[in-house]
Amino acid sequence: MKATYLGFLASLVFLNAQAQHKTIGQRADSIIHLMTLEEKIGQMNQYTGDWQATGPITPDGDKQNQIRKGMLGSMLNVTGAAHTREIQEMAMQSRLKIPLLFGLDVIHGYRTTFPIPLAEAASWDTAAIRLSAHIAAKEAAAAGIHWTFAPMVDIARDPRWGRVMEGAGEDPFLGSQIAIARVTGFQGTRLGSTDAVMACAKHFAAYGAAIGGRDYNAVDMSDQTLWNVYLPPFKAAAEAGAATFMNSFNSLNGIPASGNAYLQRTILKGDWKFQGFVVSDWGSISEMVNHGYAKDNTQAAEEAVTAGSDMDMEGRAYIGCLAELVRSGKVKESIIDEAVKRILVKKLELGLFENPYKFCDSAKEQSQWNDAANLQVAKMMAERSIVLLKNQQGLLPLSKQTKTIALIGPLMKSVRDNLGFWSFAWPDDTTRIITQYDGIQKKVGAGTHLLYAQGCGIKDTSTAGFSEAIQAAAQADVVIVSVGEAGNMSGEAKSRSNIHLPGVQEELIKALCATGKPVVVLINAGRPLVFNWTADHAPAIVYTWFLGTEAGDAIADVLFGDYNPSGKLPISFPRSEGQIPIYYNHFNTGRPAHGDAPAPYTSGYLDLPNSPQYAFGYGLSYTNFSYSGLKLDKNQVHSGQDIQVTVQVSNTGNYDGEETAQLYIRDIVSQPVRPVKELKAFQKVWLKKGETKTITFTLTSKDLSFYDNDLHFSFQPGDFKVFVGGNSQDVKEAGFTLLDQ
Ligand code: NOJ
């Protein structure tokens, strides 16, 4: 025994001496060489702490002991420099002193809450999104966190699914650009820097296509849709260097993602050469029993590890069953070694072996805690995320000298709702979060009189508060009504079958409009909502999503013209739940409905147009933009040649402003068929009032390529259309032919 121990100590000394001369992979191998099977499996095990619950908790009074015995590789939901240090000290009492990884759902900010990810996506501003992720990483890293479970890069075409709030919407191209921005924002220049955290691209894969929009539900889709629509943002995240991936709760074509070797081994670790590790979702390995895919935890563990799931989040299938599976020869120890190596490599890259406490720096945590610069970025991001849906007769922006403004609605004075789901509750939230009321109050001049009435609660079915609201409106020059969902009505396990404005809120808007006063409607939500009456009758509508800590200031900036709104919808807004799934990049049919009133025997609804209420890419500004002179530098191209697309964008309105020019293509004839439009490029362009700029897009062969039914990624010769405009519907059109060779 003594000899073994001395031998072990000698190897540690040897390891340290050799550390500088070895690659990280070799160092990981040397560590694995010293580990018992149980210690290896411990590295593949992750438990939650008790800071917050983000899933169903399994009572376990023995966690601390297990940490001291090296039975744990990572914890989630443990945060704060002091607390993470305390837990890391326990890990340092283990035989091999392998540091723990601390993971947390830092989805849209840590101390400073940024807009929900779907809102940020509406900015189409990848530089701003990268910065927002970087600040979230900086604040979290200063609190001892090594790893965020973000970005969620799931494409979502179904707004009933509560998690649409957490992604970048419905488009694979926009989704991929944002995936890259978020991964590089979180991870900074290199892993190991103390202002960066590891990113985790999730949920691999196709979680966003849960049948019926019901969270955790099964997914059934063609390979072609998987590869062309759902996988691209994951591929982009892997190529951008995402350190980790998380698999998903759903089954895909009958195989749960956690046990899916095709996804994890063939595609991710094989084709894409992903070098990081894959963590399961919370309990998703043992949930394979509920799926009916494994008869018990033992079989679930075998399926998952064989399929390439490296770490078991809160499932206890690995810690409970893997050792026996290896001993009985059902699972090769080399599979365990491979998973452990992937995990250790990340710990080594983070520099935790040199200093397990390098992220537990209370002084740094303190300095990040109230960094006003972070709030400034949150405000900038919030402004850019707001989408102006309607502005009849230039009602907005409002004058700061308006005499009397009635501020109405259940979200006008809300505090935490502004943060949306996946945000943290801090003790000083009530003073730190800028409510919409406060933001407006700060913005207007001393001569402006503000009246307030709630009107109704978010889910109220009673109209008892309407008369007070109507009275306030009657005395005002303008009414601003803030309606929508509560912050926790979208998010995980927050699917809704009815996505209309909840309760009597639309009735409240009707009552306010009936006063004859100009009404500005602010809609707070984590998803597209249905609000047809408002869309048709209210003169001004601002979609605010959930904008985070600085929501009130950002909204006030937009309402009073200190920021000219520039957001564009990253997801289509349906007219009715009956249109779902609704997305702009759909295939054509053999009997397409032309226009909104379909002729008999065409593909449409008897009771609804096919078009969305608001289209993908749509969003207004206080100024107007027009497009002209769309030109391609060639009408015929050979494979491998680029095409330059130029267009003039003019600001024809009365304000300076920013436009997002969007380029779509259509591959007119191909086998299999391609969508009626596909986003392939976008550019943000700032134009002074009266200014015109020429912008150039370059289309490459890659942009014309897609996965065919044999999953070959290539293009097919023939005619293509090119569309450019300020949204997916109102576009200028040109075309070219792609020649055979
Ligand atoms: C379950 C969620 O699906 C996942 O996104 C999250 O990261 C984990 N819980 C941890 O909270």
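Computed from a predicted structure; not experimentally measured.

Trainee: What exactly am I supposed to notice about the overall build of the chain here?
Mentor: Counting its regular elements, the chain contains 24 helices and 26 strands. Over its C-alpha trace the chain gives a radius of gyration of 27 Å, about what one expects of a compact globule, namely 27 Å for 741 residues. When its C-alpha atoms are laid out on the principal axes, the chain stretches across 90 × 65 × 45 Å. Looking at the 741 residues of the chain, the share that counts as buried comes to 62%. Taking the intrachain contacts of the chain between residues at least 6 apart in sequence as the baseline, contacts between residues at least 24 apart amount to 78%. Summing over all exposed atoms, the chain offers an accessible surface of approximately 26900 Å²; the carbon and sulfur share of this is 50%. Of the charged side chains in the chain, 67 are positive and 75 negative, and the gap between their average positions amounts to 3 Å.

Trainee: Just checking my understanding: could you explain the environment of K332 for this structure?
Mentor: Note on placement: K332 falls in the loop between helix 14 (317-327) and helix 15 (333-349). In sequence terms K332 and T306 are 26 residues apart; their C-alpha atoms lie 9.0 Å from each other.

Trainee: So what exactly am I meant to see when it comes to the sheet that holds strand 18 (residues 636-637) here?
Mentor: Two orientations exist for strands paired in a sheet by backbone hydrogen bonds: parallel and antiparallel. The strand order across the open sheet built from five strands is 18-26-25-20-21, with neighbouring strands paired in mixed fashion. Edge positions in the open sheet fall to strand 18 and strand 21 (678-687), since each of these has one partner strand only.

Trainee: In this structure, what is going on with the site of the ligand? I would like to understand it.
Mentor: In the vicinity of the ligand, 13 residues are found, and the nearest of them are T54, D105, R163, H203 and D281. Between an oxygen atom of the ligand and a side-chain N or O atom of H203, the distance comes to 2.6 Å. A distance of 2.5 Å is found between an oxygen atom of the ligand and a side-chain nitrogen or oxygen belonging to D281. Contact with the protein chains covers 100% of the free accessible surface of the ligand, which is 300 Å². Considered class by class, the residues forming the shell around the ligand number six nonpolar, two polar and five charged.

Trainee: Explain the pattern of salt bridges here, please?
Mentor: Should their charged atoms come close, side chains of opposite charge can pair. Tallied over the full model, the rule gives 39 salt bridges. Note that E314 and R316 form a salt bridge whose closest N and O atoms lie 2.9 Å from each other. Where salt bridges share partners, they join K379, E383, K400, K443, D557 and D562 into one cluster.

Trainee: What is the right way to look at the domain arrangement of the chain in this model?
Mentor: A common way to express how large an interface is: the accessible area buried when the components associate. According to the domain assignment, the chain contains domain 1 (34-364), domain 2 (372-579) and domain 3 (625-738). Distance between the C-alpha centres of domain 2 and domain 3: 34 Å. Domain 2 puts six residues into the contact, and the matching count from domain 3 is nine residues. Looking at the side of domain 2 facing domain 3, the largest losses of area belong to N564, S566 and K568, adding up to 71% of the total buried there. The tally of links between domain 2 and domain 3 comes to two salt bridges. Inspection of the domain 2/domain 3 interface yields four residue pairs in polar contact (both at pLDDT 80 or more). Per-class residue counts for the side of domain 2 that touches domain 3 are two nonpolar, two polar and two charged.

Trainee: Can you walk me through the sheet that holds strand 4 (residues 147-148) in this structure?
Mentor: One open sheet accounts for five strands, arranged 4-3-2-1-10; its pairing is parallel. In the strand order of this sheet, the two ends are held by strand 4 and strand 10 (312-313), each with one partner. As paired strands, strand 1 (residues 45-48) and strand 10 are joined by two bridges and run parallel to one another. Counted as the bridge partner of N45 is D312 from strand 10.

Trainee: How should the packing of aromatic side chains be read in this particular structure?
Mentor: For any two aromatic rings, the description comes down to two numbers: the centre-to-centre distance and the angle of the planes. What the rule picks out here adds up to 35 aromatic pairs. For the ring pair F173 and F682, a centre distance of 6.0 Å and an interplane angle of 85° mean the geometry is edge-to-face. With F173 in helix 8 (residues 172-187) and F682 in strand 21, this pair connects stretches of sequence that are 509 residues apart. The class of F173 is partly exposed, set by a relative accessible area of 22%. Ring centres of Y707 and F713 lie 4.8 Å apart, and the angle between their planes is 45°; this geometry places the pair in the tilted category. For F713, a relative accessible area of 38% corresponds to the partly exposed category. Ring pairing ties together the aromatic residues W124, F173, Y584, F616, Y664 and F682, which thus form one cluster. Directly above the aromatic system of Y583 lies the positively charged group of R157, at a separation of 3.5 Å from the ring centroid. We note K202 situated over the ring of W422; from NZ or CZ to the ring centre the distance is 5.5 Å.

Trainee: How should the nonpolar core be read in this particular structure?
Mentor: Soluble globular proteins: nonpolar side chains tend toward being buried together. Grouped together as the largest cluster of nonpolar side chains are 165 residues, with contacts concentrated most on F204, F245, W272, I408, F531, Y543 and W545. Each of domain 1 (34-364) and domain 2 (372-579) accounts for three or more of the residues forming this core. Contact partners of I408, with chain neighbours within four places excluded, come to A453, Q454, A469, A472, V479, I480, V481, S482, L508 and L512. Core analysis: the second largest hydrophobic core is formed by 29 residues, L395, L396, I405 and A556 among them.

Trainee: For this particular structure, what's the right way to read helix 11 (residues 261-271)?
Mentor: Here helix 11 has its buried residues at L263, Q264, I267, L268 and K269. Down the axis of helix 11, the buried side of the element spans an arc of 155°, and every buried residue falls inside it. The distance from a side-chain oxygen at the start of helix 11 to the backbone nitrogen of Y262 is 3.2 Å, and the residue carrying that oxygen is N260. Within two residues after helix 11, K273 carries a phi angle of roughly 55°, on the positive side.

Trainee: Hey, could you run me through the packing of helix 9 (residues 223-230) against helix 11 in this one?
Mentor: Angle between the axes and distance between the axes: these two values describe a pair of packed helices. Two elements in contact, helix 9 and helix 11, have axes separated by 15 Å at closest approach and are oriented at 45°. If you check the angle between helix 9 and helix 11, you find them oblique. When the axes of helix 9 and helix 11 are compared, the crossing they make is right-handed. Counting all contacts with helix 9, which are made through D223, L226 and W227, the residues of helix 11 involved are Y262, I267 and D271. Looking at the contact of helix 9 with helix 11 residue by residue, the class counts come to four nonpolar, no polar and two charged.

Trainee: Would you mind showing me how to read the pairing of strand 15 (residues 519-524) here?
Mentor: Moving residue by residue along a regular strand, the side chains alternate between the two faces of the sheet. Of all six residues in strand 15, six are buried; the element is thus mostly enclosed. Of the two faces of strand 15, the one holding V519, V521 and I523 and the one holding V520, L522 and N524 are both buried throughout. Relative to strand 15, strand 14 (residues 478-484) runs parallel, the two sharing six bridges. Each bridged residue has a counterpart across the sheet, and for V479 the counterpart in strand 15 is V519. This β-α-β element, strand 14 to helix 21 (residues 505-513) to strand 15, shows right-handed connectivity. As paired strands, strand 15 and strand 16 (residues 540-543) are joined by four bridges and run parallel to one another. Along strand 16, the bridge assignment pairs I523 with Y543. Once you follow strand 15 into helix 22 (residues 532-537) and on to strand 16, the crossover reads as right-handed.

The rules behind each value
The residue numbers shown here count from 1 along each chain, following its written sequence. Given that the model is predicted, a residue must reach a pLDDT of at least 70 before its local features are reported, and side-chain atom pairs must reach 80 or more before they are shown or counted; all residues, however, enter totals for whole chains, interfaces and linings. Values shown for side chains rest on all heavy atoms present in the structure; no hydrogens or waters enter the calculation. Helix and strand labels come from DSSP, where a helix needs a run of H or I of at least four residues and a strand needs a run of E of at least two; each type is numbered from the N terminus. Two things to know: the radius of gyration comes from C-alpha atoms, and the globule rule equals 2.2 Å times the number of residues to the power 0.38. Relative accessibility decides the category of a residue: with a 1.4 Å probe and only protein chains considered, values under 20% of the type maximum give buried, values over 50% give exposed, and everything between is partly exposed. By the convention used here, residues are in contact when the closest approach between their heavy atoms is within 4.5 Å. Here the accessible surface of atoms and residues is derived via Shrake-Rupley with a 1.4 Å probe, and residues count as covered only by protein chains that are part of the display. The charge count includes Lys and Arg as positive and Asp and Glu as negative, but it does not include His or the ends of the chains. Positions of charges follow a simple convention, taking NZ of Lys, CZ of Arg, CG of Asp or CD of Glu. For two strands to be treated as a pair, DSSP must find no fewer than two bridges joining them. Throughout this document, a residue counts as near a molecule or strand when at least one of its heavy atoms sits within 4 Å of that molecule or strand. Distance and chemistry together define a polar contact, namely a pair of N or O atoms within 3.5 Å, with one atom able to donate a hydrogen and the other to accept it when in protein, and with adjacent residues in sequence counting only for side-chain atoms on both sides. In this classification, Asp, Glu, Lys and Arg are treated as charged, Ala, Val, Leu, Ile, Met, Phe, Trp, Tyr, Cys and Pro as nonpolar, and every other residue, Gly included, as polar. Here a salt bridge means any side-chain nitrogen of Lys or Arg lying within 4 Å of a carboxyl oxygen belonging to Asp or Glu. An automatic or database domain assignment supplies the residue ranges for each domain. Here the quantity called buried area is the accessible surface, traced with a 1.4 Å probe, that two parts lose on coming together, added over both. Aromatic contacts are taken between Phe, Tyr and Trp rings whose centres are within 6.5 Å, Trp giving its six-membered ring; a plane angle under 30 degrees counts as stacked, one over 60 as edge-to-face, and the others as tilted. Two limits define a charge over a ring: the Lys NZ or Arg CZ must be within 6 Å of the ring centre, and within 35 degrees of the ring normal. By nonpolar core is meant a set of buried Ala, Val, Leu, Ile, Met, Phe, Trp, Tyr and Cys residues that side-chain atoms within 4.5 Å join together. Working definition: the arc comes from the directions between the helix axis and the C-beta atoms, pointing outward to the latter. Simply put, an axis is a line fit to the C-alpha atoms, just over the touching stretch for a helix, and the angle between two N-to-C directions goes from 0 to 180 degrees. What sets the label is the angle itself: under 35 degrees gives roughly parallel, over 145 gives roughly antiparallel, 65 to 115 gives roughly perpendicular, and the rest give oblique. Each helix crossing is assigned a hand: it is left-handed if the near helix lies turned anticlockwise from the far helix by less than a right angle, otherwise right-handed if that turn is clockwise. We call a crossover right-handed when, viewed with the strands running away from us, the connection from the first strand over the helix to the second turns clockwise.

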